[in-house]
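# Geometric and topological summary
The primary structure of each chain is shown beneath.
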Amino acid sequence: MIADRYRIEPGTAVNLSRWDPADHTLAPEGKEAARKISKKLNRRLAELQQLLYAQGRHKILMVLQAMDTGGKDGAIGKVFRGVNPQGVKVTGFKKPTTRELAHDYLWRVHAHTPGMGEIAVFNRSHYEDVLVVRVHNLVPAELWSRRYDQINGFERTLAEEGTTILKFYLHISKEEQKRRLQARIDEPDKNWKFARGDLAERALWDDYMEAFEAVLSRTSTVHAPWYVVPADAKWYRDLVILDVLTGTLERLQMRYPEPEDRIGEIIVE
Ligand code: AMP
Ligand code: MG
């Protein structure tokens, strides 16, 4: 896998200012060449997903987190293009409802984890409960500060029960976010994506970076690793995610289930 270098080894103290959001060293030939590789990986992903579904023995959980405009929606659309929607379940986690807030923060999340043969994609996740919640002090510090260990425990449970977990932080620069937010204002077909509140969040950029560093430093584990994906260039972002995802599925060495006994002798009348 080319993208192993973006995996955070457990116990590493991550300093995001040392991770270049515009890095594309693994695709030295640039955009067009990378897009060709992505296309192939995408076709392979479609095959692997069919195998996963047919075999029904593995569960895949993919978590996506990023700053606003980081490209979570775009990446989901690109990575899963042409993949059978039956086996892929995407869940977006918004501001919790009153009913959700009445429960513990993992309650709404657990319900959407993958079943056998499924790929579940989380567009935002339980990590919001140590990101936006931490930055805005939505719960007292003694509550959110315990959540890193709780999350590790939760993910370990999922992993021990047979779920393969992959977590992607799409890393964009503050300048790239400025460009993308401005485009949401300037281009009418993107206006719907813009909310004034996004500017208030942008003003808290440094606090968010600190919160992401804590997440990456404390919750990258052997059973649920984080990948820091350079995401200023969309084509590189997609390539890295596709590489990690297909590489992980290949390693499961899946096989189609055994056919019915002596299937070759059966004739359909
Ligand atoms: P979007 O992804 O643009 O639709 O925005 C979803 C919003 O929901 C973001 O502003 C998130 O920060 C917010 N959100 C998601 N999960 C939580 C949470 N657990 N607590 C508070 N806000 C959240
Ligand atoms: Mg938004």
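Residues numbered from 1 in each chain as written. Chains lettered and ligands numbered in written order. Predicted model: local features only at pLDDT ≥ 70, side-chain atom pairs only at ≥ 80, totals over all residues. Heavy atoms only, no water.

### Describing the sheet that holds strand β4 (residues 163-171)
- The sheet built from 5 strands is open, its strands ordered β2-β3-β1-β4-β5 with parallel pairing. Of all the strands in the sheet, just β2 (88-92) and β5 (226-230) have a single pairing partner and so form its edges. The average angle at which neighbouring strand axes cross in this sheet is 20 degrees, direction not considered.
- Bridge count between strand β1 (residues 59-66) and strand β3 (residues 119-123): 5 bridges; the pairing is parallel. The partner of Met62 across the bridge, within β3, is Val121. (Pairing = 2+ DSSP bridges. Helix = DSSP H or I, 4+ residues; strand = E, 2+ residues; numbered from the N terminus. Axes fitted to C-alpha atoms, helices over the stretch in contact; angles between N-to-C directions.)

### A closer look at the layout of surface pockets
- Taken as a whole, the second largest pocket encloses approximately 290 Å³ of empty space.
- In terms of lining residues, the second largest pocket is bounded by Glu32, Arg35, Lys36, Ser38, Lys39, Asn42, Lys78, Arg81, Trp235, Asp238 and Leu242.
- If you list the elements that add at least two residues to the lining of the second largest pocket, you get α1 (31-55) and α11 (234-251).
- Considering each element in turn, the lining of the second largest pocket owes the most residues, 6 residues, to α1.
- When its residues are assigned to classes, the lining of the second largest pocket shows 2 nonpolar, 2 polar and 7 charged. (1 Å grid on protein atoms, 1.4 Å probe; cavity = no way out; pocket = protein on both sides within 12 Å on 5 of 7 lines; lining within 4 Å. Points joined across faces, edges and corners; volume = space filled by probe spheres on them. Nonpolar A, V, L, I, M, F, W, Y, C, P; charged D, E, K, R; others polar.)

### Considerations on the packing of α1 against α11
- Direction vectors running N to C along α1 and α11 enclose 35 degrees, while the axes themselves pass 9 Å from each other. Viewed along their axes, α1 and α11 form a crossing whose handedness is left-handed. Contact residues: Lys31, Ala34, Arg35, Ile37, Ser38, Leu41, Asn42, Arg44, Leu45, Leu48 and Leu52 in α1; Trp235, Asp238, Leu239, Leu242, Asp243, Leu245, Thr246, Leu249 and Glu250 in α11. (Left-handed = near helix turned anticlockwise from the far one by under 90°. Contact = heavy atoms within 4.5 Å.)

### Points about α11
- Relative to the 26 Å expected for 18 residues at 1.5 Å per residue, α11 spans 26 Å between its end C-alpha atoms, a close match to the ideal helical length.
- Counting buried residues along α11, 15 of its 18 residues qualify, which places the element largely inside the surrounding structure.
- Phi turns positive, to about 45 degrees, at Gln253, one or two residues after α11. (Expected span 1.5 Å × (residues − 1). Buried < 20%, exposed > 50% of the residue type's maximum accessible area, 1.4 Å probe, protein only.)

### With respect to the environment of Lys31
- Relative to the assigned elements, Lys31 resides in helix α1.
- The partly exposed category is assigned to Lys31, whose relative accessible area is 40%.
- Sequence separation between Lys31 and Leu239 is 208 residues, and the spatial gap between their C-alpha atoms is 10.0 Å.

### Some remarks on the site of ligand 1
- Around ligand 1, the neighbouring residues are Phe93, Lys94, Lys95, Pro96, Arg108, Arg124, Glu128, Asp129, Val132, Val133 and Leu138.
- Residue Lys95 places a main-chain N or O atom 3.1 Å away from an oxygen atom belonging to ligand 1.
- Interatomic distance of 3.2 Å between a side-chain N/O atom of Glu128 and an oxygen atom of ligand 1.
- Relative to its unbound accessible surface of 510 Å², ligand 1 loses 71% to contact with the protein.
- Among the residues forming the shell around ligand 1, the class breakdown is 5 nonpolar, no polar and 6 charged. (Near = heavy atom within 4 Å. Polar contact = N/O pair within 3.5 Å; in protein donor to acceptor, adjacent residues only side chain to side chain. Areas by Shrake-Rupley, 256 points an atom, 1.4 Å probe, with all protein chains shown as cover.)

### Let's talk about the pairing of β3
- Counting buried residues along β3, 5 of its 5 residues qualify, which places the element largely inside the surrounding structure.
- Here β3 shows a buried face lined by Ile119, Val121 and Asn123 and a second buried face lined by Ala120 and Phe122.
- The pairing of β2 with β3 spans 5 bridges and is classified as parallel. By the bridge assignment for β3, Val90 is matched with Val121.

Keep in mind these values describe shape, not function.
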